[in-house]
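Read off the chains here:
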Amino acid sequence: MTIPALHTALRACAAGFYPHEAGTGLLIDHACWLHRHDFTSRFIRTGTSITDRTTPMAEISWATAITALNTSDLPCSGSEQRILRLAASIADGIPVSLRDTLTGLDDRNIKLVITAILHTSGHRPPPRIP
């Protein structure tokens, strides 16, 4: 599956529930994790919609990814780790220390997190124009 197709499938699976949309969107917009085969091959499940049997769907196994992160089985930078933890917390309710995860994020990543938080509360970002 191509990266754009994966993004579409992830968004389709998360659609309709703001926290899932926001957490998934944060990971997509961060533009790191979904380009890593060691992440996509282990923590993303793909399939098709059960309602129309044609729409590609993809789902992130947030808890499994965080477990791998916690056991040092998913090497990454500090920023990548923070974004994954925040996305998992938003999307799946996995507890995270805001003090530890927000400290050290650069301006771009803080803006992505703010956008995700607003999305979670019902303020979806405007549609992207290709």
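Residues numbered from 1 in each chain as written. Predicted model: local features only at pLDDT ≥ 70, side-chain atom pairs only at ≥ 80, totals over all residues. Heavy atoms only, no water.

## Describing the pattern of salt bridges
- Taken as a whole and judged by the stated rule, the model has six salt bridges.
- Between Arg124 and Glu21 there is a salt bridge, with the nearest N and O atoms lying 2.7 Å from each other. With Arg124 in the segment after helix H7 (107-120) and Glu21 in helix H2 (residues 18-30), the pair connects residues that are 103 residues apart, well separated along the chain.
- Judged by relative accessible area, which is 11%, Glu21 ranks as buried.
- As a salt-bridge pair, Glu59 and Arg45 come within 2.9 Å of each other at their nearest N and O atoms. Placement of Glu59 in strand S2 (residues 56-60) and of Arg45 in strand S1 (residues 44-48) is noted, with a sequence separation of 14 residues between them.
- Residue class for Glu59 comes out partly exposed when judged on its relative accessible area of 37%. (Salt bridge = Lys/Arg side-chain N within 4 Å of Asp/Glu carboxyl O. Helix = DSSP H or I, 4+ residues; strand = E, 2+ residues; numbered from the N terminus. Buried < 20%, exposed > 50% of the residue type's maximum accessible area, 1.4 Å probe, protein only.)

## Re H7
- Helix length check: H7 (14 residues) gives 20 Å between terminal C-alpha atoms against 20 Å at 1.5 Å per residue, within 8%.
- Turning to H7, its buried residues are Asn109, Leu112, Val113, Ala116 and His119. Along the axis of H7, the buried positions cluster into a sector of 120 degrees, meaning they face one direction only. In H7, the exposed positions angled more than 90 degrees off the buried face are occupied by Asp107 and Lys111.
- Next to the buried residues of H7 lie H2, helix H5 (78-92) and helix H6 (98-102).
- Phi for Gly122, located one or two positions after H7, is positive at around 105 degrees. (Expected span 1.5 Å × (residues − 1). Arc of directions from axis to C-beta. Contact = heavy atoms within 4.5 Å.)

## Looking at the environment of Pro19
- Tracing the sequence through the fold places Pro19 in helix H2.
- For Pro19, a relative accessible area of 18% translates into the label buried.
- Residues Pro19 and Ser49 lie 30 residues apart in sequence; the distance between their C-alpha atoms is 20 Å.
- Pro19 has contacts with Ile90, Ala91 and Thr120, leaving out every residue within four places of it along the chain.

## Thoughts on the side chain of His119
- Relative to the assigned elements, His119 resides in helix H7.
- For His119, a relative accessible area of 10% corresponds to the buried category.
- Here the side chain of His119 touches Glu21 through a polar contact of 2.7 Å, side chain to side chain.
- For His119, the residues in contact, after removing those within four places along its chain, are Tyr18, Glu21, Ala22, Arg124 and Pro125. (Polar contact = N/O pair within 3.5 Å; in protein donor to acceptor, adjacent residues only side chain to side chain.)

## Observations concerning the nonpolar core
- In terms of nonpolar packing, the biggest core is built from 32 residues, with Leu26, Leu27, Phe39, Trp62 and Leu84 touching the most fellow members.
- Taken together, the elements giving at least two residues each to this core come down to helix H1 (3-14), H2, helix H3 (37-43), S2, helix H4 (62-70), H5 and H7.
- In this structure Leu26 touches Ile83, Leu86, Ala87, Ile90, Leu112, Val113 and Ala116, once residues within four positions along its chain are discounted. (Core = buried A, V, L, I, M, F, W, Y, C linked by side-chain atoms within 4.5 Å.)

## Side note on the packing of aromatic side chains
- Scanning the model with the defined rule gives two aromatic pairs in all.
- Look at Trp33 and Phe39: their rings are 5.2 Å apart centre to centre, the planes differ by 50 degrees, and that puts the pair in the tilted class. Each of the two residues, Trp33 as well as Phe39, counts as buried.
- Members of the aromatic cluster, each reached through a chain of ring pairs, are Trp33, Phe39 and Phe43. (Phe/Tyr/Trp six-rings, centres within 6.5 Å; stacked < 30°, edge-to-face > 60°.)

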